Protein chains: 2
Amino acid sequence: MSSNYGNQMTTISDVAREAKVSTATVSRVLNKSDKVRSITRDRVNAVIRKLNFIPNVNALGLQRKKTKTVGLIFPDASAYYFAEIIQGINRHLSQNDHQILISSAHDEAEEIKIVNGFVKGGRIDGLIMMMPSANGNNGFKIPLAYEIPEVFISCEINAPRATTILLDNYNAAREMVEHLSRLGHKRIAFIHGGEHNYDARERYRGYVDGRRICQADEDVNLEVVGNFTESSGFQATLELMKCKPQPTAIFAANDAMAIGAIEAARALKLRVPSDLAIVGFDDISSAAYMDPALTTVHVPLRRLGRLAAEALLKNLNTDSAERTTEKIIIPLQHVIRRSCGSEQTVKSESF
Amino acid sequence: MSSNYGNQMTTISDVAREAKVSTATVSRVLNKSDKVRSITRDRVNAVIRKLNFIPNVNALGLQRKKTKTVGLIFPDASAYYFAEIIQGINRHLSQNDHQILISSAHDEAEEIKIVNGFVKGGRIDGLIMMMPSANGNNGFKIPLAYEIPEVFISCEINAPRATTILLDNYNAAREMVEHLSRLGHKRIAFIHGGEHNYDARERYRGYVDGRRICQADEDVNLEVVGNFTESSGFQATLELMKCKPQPTAIFAANDAMAIGAIEAARALKLRVPSDLAIVGFDDISSAAYMDPALTTVHVPLRRLGRLAAEALLKNLNTDSAERTTEKIIIPLQHVIRRSCGSEQTVKSESF
DNA sequence: CTGAAAGCGCTTACAG
DNA sequence: CTGAAAGCGCTTACAG
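The shown structure was predicted, so the numbers you read here are calculated from the model rather than taken from an experiment.

Novice: Summarise the interface of chain B and chain A; cite the residues concerned and give the values.
Specialist: At the junction of the two partners, chain B supplies 73 residues and chain A supplies 72 residues. At the junction of chain B with chain A, the criterion picks out 2 salt bridges. For Asp 291 of chain B, the salt bridge identified is with Arg 266 of chain A, shortest N-O distance 3.1 Å. On the surface where chain B and chain A come into contact, there are 22 residue pairs in polar contact (both at pLDDT 80 or more). Among the elements of the structure, α4 (57–64), β1 (69–75), α5 (79–95), β2 (99–105), α6 (108–120), α9 (230–240) and α10 (255–267) of chain B are those that each provide at least two residues to the side of chain B that touches chain A. For the side of chain B that touches chain A, the leading source of residues is α5 of chain B, giving 8 residues. Here the side of chain B that touches chain A is composed, by residue class, of 30 nonpolar, 28 polar and 15 charged.

Novice: Would you mind going over the protein's contact with DNA strand C in detail, with residue names and values included?
Specialist: Taken together, the neighbourhood of DNA strand C is formed by 28 residues, with Ile 12 and Ser 27 of chain A together with Arg 28, Thr 40 and Gln 63 of chain B sitting nearest. Sugar and phosphate atoms constitute 66% of the interface atoms of DNA strand C, taking the interface as everything within 4 Å of the protein. One of the side-chain N or O atoms of Gln 63 of chain A is found 3.2 Å from a base oxygen in DNA strand C. One of the backbone N or O atoms of Ser 22 of chain B is found 3.0 Å from a phosphate oxygen in DNA strand C. Going through the elements one at a time, α2 (23–30) and α4 (57–64) of chain A together with α2 (23–30) and α4 of chain B are the ones with two or more residues in the surface near DNA strand C.

Novice: Any details on the protein's contact with DNA strand D? Residues and values, ideally.
Specialist: Around DNA strand D sit 28 residues in total, of which Arg 28, Thr 40 and Gln 63 of chain A together with Ile 12 and Ser 27 of chain B are the nearest. Close to the protein, within 4 Å, the atoms of DNA strand D are drawn from sugar and phosphate at a rate of 66%. Ser 22 of chain A is positioned with one of its backbone polar atoms (N or O) 3.0 Å from a phosphate oxygen of DNA strand D. At 3.3 Å, a backbone N or O of Asn 56 of chain B approaches a phosphate oxygen of DNA strand D.

The rules behind each value
Sequence order as written defines residue numbering, which begins from 1 separately in each chain. Chain letters start at A and ligand numbers start at 1, both assigned in the order the entries are written. Restriction of local features to residues with pLDDT of at least 70 applies here, the model being predicted, together with a cutoff of 80 or more for giving and counting side-chain atom pairs; totals for whole chains, interfaces and linings are based on all residues. Think of the side-chain values as coming from all heavy atoms in the structure, minus any hydrogens and water. We call two residues in contact when some of their heavy atoms are within 4.5 Å. A pairing counts as a salt bridge when a side-chain nitrogen of Lys or Arg comes within 4 Å of a carboxyl oxygen of Asp or Glu. Throughout this description, a polar contact denotes any pair of N or O atoms lying within 3.5 Å of each other; where both atoms belong to protein, one of them has to be capable of donating a hydrogen while the other can accept it, and for residues adjacent in sequence the pair is counted only when both atoms sit in side chains. The way it works is that DSSP assigns letters per residue, a run of H or I at least four long becomes a helix, a run of E at least two long becomes a strand, and they are numbered from the N terminus. Charged means Asp, Glu, Lys or Arg here, nonpolar means Ala, Val, Leu, Ile, Met, Phe, Trp, Tyr, Cys or Pro, and polar covers whatever is left, Gly included. Here a residue counts as near a molecule or strand whenever at least one of its heavy atoms sits within 4 Å of it.

As structure tokens, this is what we get:
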């Protein structure tokens, strides 16, 4: 195996030699230290530019214990959330001279292994974890033992001095039920996204409370568990429509399942929304283009990513003793389209 | 700012002290060198395990010029492709003890800046780039000057000793036109994905040749340029249906635009497929759940990601002088559903 | 088979 | 304001 960087590598010594100063001075210029005469500084900067010098990150990491790198850990599933959030994170981080090391895990054991490697290997300065399957009060002690700043997305781990960013799933779901109730629905069914997912559980909680508040036949069981995929929404809907009496509205915990639900309604020769109202959650890009256009809850994923990046960056620049424990909850907006049968807002949809 | 790794950091010296050997010996054990007595090896390994020692990546990077990290650069757009491909790459790379550093760029200047920082900063051992907007023979010299292995996805840059992975867009598109022609369509329109996108251009080329081969009224202009979004597909379809005579089929260069096209057909009170056949490209997860279910071309994104990872890993372990120039073309399969009006296959779709 | 020592590319007290 | 030197955590000839 050959040396990798080959002849491309310019070092601080090359710069020092060319500028006729010591490496210490070059270093001071690089680090904007004020203890450099401006004439010297200019000369060094000229050489840096001329040689297109970029400091070796490994040397920096070794010496300063800073790598300008943030670790990102995501669950294996959720490709859609994943992509959007990363874009939001990356935009902010790259503007602030930080890079992203990503990995995905499908269970906590794998998760912990990755975090361990990242942190003990000296690869990262901070960590952003999206782990909706993490279960609050048990396990999951490992990453919290490290002293690097951490941001958790969509999981309620009570991590001291860490930042947790959550969607306000509960209120959005509750209000969605209230909206359906206002449209006259009494039997509002729910397709659950899965017991092991934080967002899904919170949406469910909002659904239950919404039904109670609206006194919407809450004693009738109208719940089926899906797994956030179109096909599970399809199957769940077939199940639900076997109930007697049948539900008049279905609230799917995400848009993919709502899409499956609409397809199932079609297979059952039910018209949406007149025979059956169907609503989702997420507001994916095709939601506006379905037939009928999908009523849903908009989830601002890029913004979520940006908030995570901002929170992490802030803590990266704060002494660990000064760091506070923060919880950021992102309020969510409904997007009322045709699939819920809401008259007054149909007109607001136009292309 | 406090030191980051705090007391978590175990070094090779800690291990050496505890095992009563020199750091050189520990290093030899870590690197599976055979020049260590097995008794010594066992003792050292026991300490390594006991202290949960993980070598510092920065020190390794400095010393060996290897970081066990692969850089991934993606265009800002294409969130969907992005997520799926990364999952494929990550799965393979993490199994082989490599990490992923990602970044996205929206033009070549930014691209080059990122690559520069990655390579000259000593951050990566190899590079995977997805740059459908890269334009073959011009510009884009920079990354190729480096000696690290490179894999290009969806762009035809004639990079010596690099691997290029392409989808067989051309043949899949041509065959799609032939399929529509076989169903009796003469006026087959095309919604282009954008001149600056390699996949889009290739799909267009397939469309043009398909029409010629089928002698499908090829002299009539039935093309509109979109940008791979639902809304552009919607607008493009409104445009196309102003043509006299109207097209009887629309081939959208991706599924998102096909979704917009179906919605537009609906707005125009046209039934799909009987009044207007519509087909897409990508086979996104909701394609099977639309109404009508979308005929499209399946693109195996995870596999694409895995192939990229495999190719890179292979070259990472090959001396640069031995590396060959490779081009891998992934054949694509059609998925015939209802939206094209193909009778014989409707029955094969079931839930 | 094992250890002492130099060195990878930086930063940072320390001395001047 | 500037430089010589030590040190961050590893690896690898070199000597034994």
